[in-house]
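# Residue-level structure breakdown
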Amino acid sequence: MSETTTTQPTTQLGRTGVEVSRLCLGTMMFGDWGNKDHQDSIRIIRRAIDSGINFIDSADIYAYGESEEILGKAIAEHGNREDLVIATKFFNGMKQLPNYRGGSRHWIMRAVEDSLRRLGTDYIDLYQMHRPDEHTDIDETLGALDDLVRQGKVRYIGSSTFQPSQVVEAQWAARERRTSRFVTEQPPYSLLARAVEADLLPTTHRHAMGTLVWSPLAGGWLSGKYRKGQDLPATRRGSEKDPFDLTNPVTAAKFEAADALGGLADDLGVPLTHLALAFVLRHPGVTSAIIGPRTMEQLESLLDAASLDLDDATLDRIDEIVPPGTNIDPADAGFSNYWLEAARRRR
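Let us look at the structure shown here.

### Examining the packing of helix 7 (residues 249-268) against helix 10 (residues 312-321)
At a minimum axis separation of 10 Å, helix 7 and helix 10 run at an interaxial angle of 165°. Classified by the angle their axes make, helix 7 and helix 10 are roughly antiparallel. Judged by the sense of rotation from one axis to the other, the crossing of helix 7 with helix 10 is right-handed. The segment helix 7 lies against helix 10, with A257, A260, L261, L264, D267 and L268 engaging T314, R317, I318 and I321.

Printed below as a string of structure tokens:
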């Protein structure tokens, strides 16, 4: 255990009665997609745990299982599995073959065993559907997940990046079929991407769901690096083929907002990253914010963020920069509406 600790605020995960830290450690950057050094990644995970973070989120698709394997090693070294709330996800294709993705019973029963093996545990606290599946009846998905809950392999189930109507449909189906219901939803939410405030967050709040928000730093835009008068990153994080191009009106608007928010953080005397995390945690419908550090330095810089409280005057200034319920960049919704694809539109 590290001698350096910080106190992490906690809250209830929806109506489950489970208590989780308001900062949730995301593991997407551990492995081939980010930090390739397993031991260094394990040290970061252990430092997060030592700081009071008890909530850790992964997915089978992260580095195609490598992230789960690293987390499994860290859990084994930590030595007390029962202290942690481990979440992971299924849905995305793990192989370029039929039936290695989606929300079917066929795939779920295989995917959960693979995740359990990689994590080195006999149960998953929160098993989440990474995206909605247009090809699979939600009854099929919920039926399979309910069996896993009854078998003790999964304790709770959740969804990720579902639209409000899909959240409601899943809640209705679970009640109608008397199966386990999704107790959490995981949407994108940040100072620059506030569209979920309009409908999604009120919907999850109404259904007493825990809400874990991903990309609270807007993919690096709220890291403090995107400011006027300083060298700008050549590309956006995770998008090496997408150059930072201020001639793009959306990119330019995003940059202006990030700079203005950085100025607000300066006025408050806090890092922009802390302002960004405190903002999403201030919403009454949000349970935890997922942070995804690649380095120990990045983790250390975020550990105190959940303790920052924002007053109404600060929230008013934020609303002036980015209006409530809006996304500056529509792509930040995290959901591609397949019904608007050209082939499906009536011509």
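There is more to say, and it comes next.
### Observations regarding the pattern of salt bridges
Under the definition given, this model contains 23 salt bridges. The salt bridge partner of D332 is K254, with a shortest N-O separation of 2.8 Å. Here K254 lies in helix 7 and D332 lies in the segment after helix 10, a separation of 78 residues in the sequence. On the accessibility criterion, D332 (22% relative accessible area) is partly exposed. On the accessibility criterion, K254 (2% relative accessible area) is buried. A single network of salt bridges, built from pairs that share partners, joins R81, D125 and R155.

### Some remarks on the nonpolar core
Counting 85 residues, the largest nonpolar core has I45, Y127, F182, L222, L275 and I318 as the members making the most contacts within it. Core analysis: the next-biggest nonpolar cluster, separate from the first, contains 10 residues, C24, F55, V85 and I290 among them.

Criteria and cut-off values
- Residues numbered from 1 in each chain as written.
- Predicted model: local features only at pLDDT ≥ 70, side-chain atom pairs only at ≥ 80, totals over all residues.
- Heavy atoms only, no water.
- Axes fitted to C-alpha atoms, helices over the stretch in contact; angles between N-to-C directions.
- Helix = DSSP H or I, 4+ residues; strand = E, 2+ residues; numbered from the N terminus.
- Parallel < 35°, antiparallel > 145°, perpendicular 65-115°, else oblique.
- Left-handed = near helix turned anticlockwise from the far one by under 90°.
- Contact = heavy atoms within 4.5 Å.
- Salt bridge = Lys/Arg side-chain N within 4 Å of Asp/Glu carboxyl O.
- Buried < 20%, exposed > 50% of the residue type's maximum accessible area, 1.4 Å probe, protein only.
- Core = buried A, V, L, I, M, F, W, Y, C linked by side-chain atoms within 4.5 Å.

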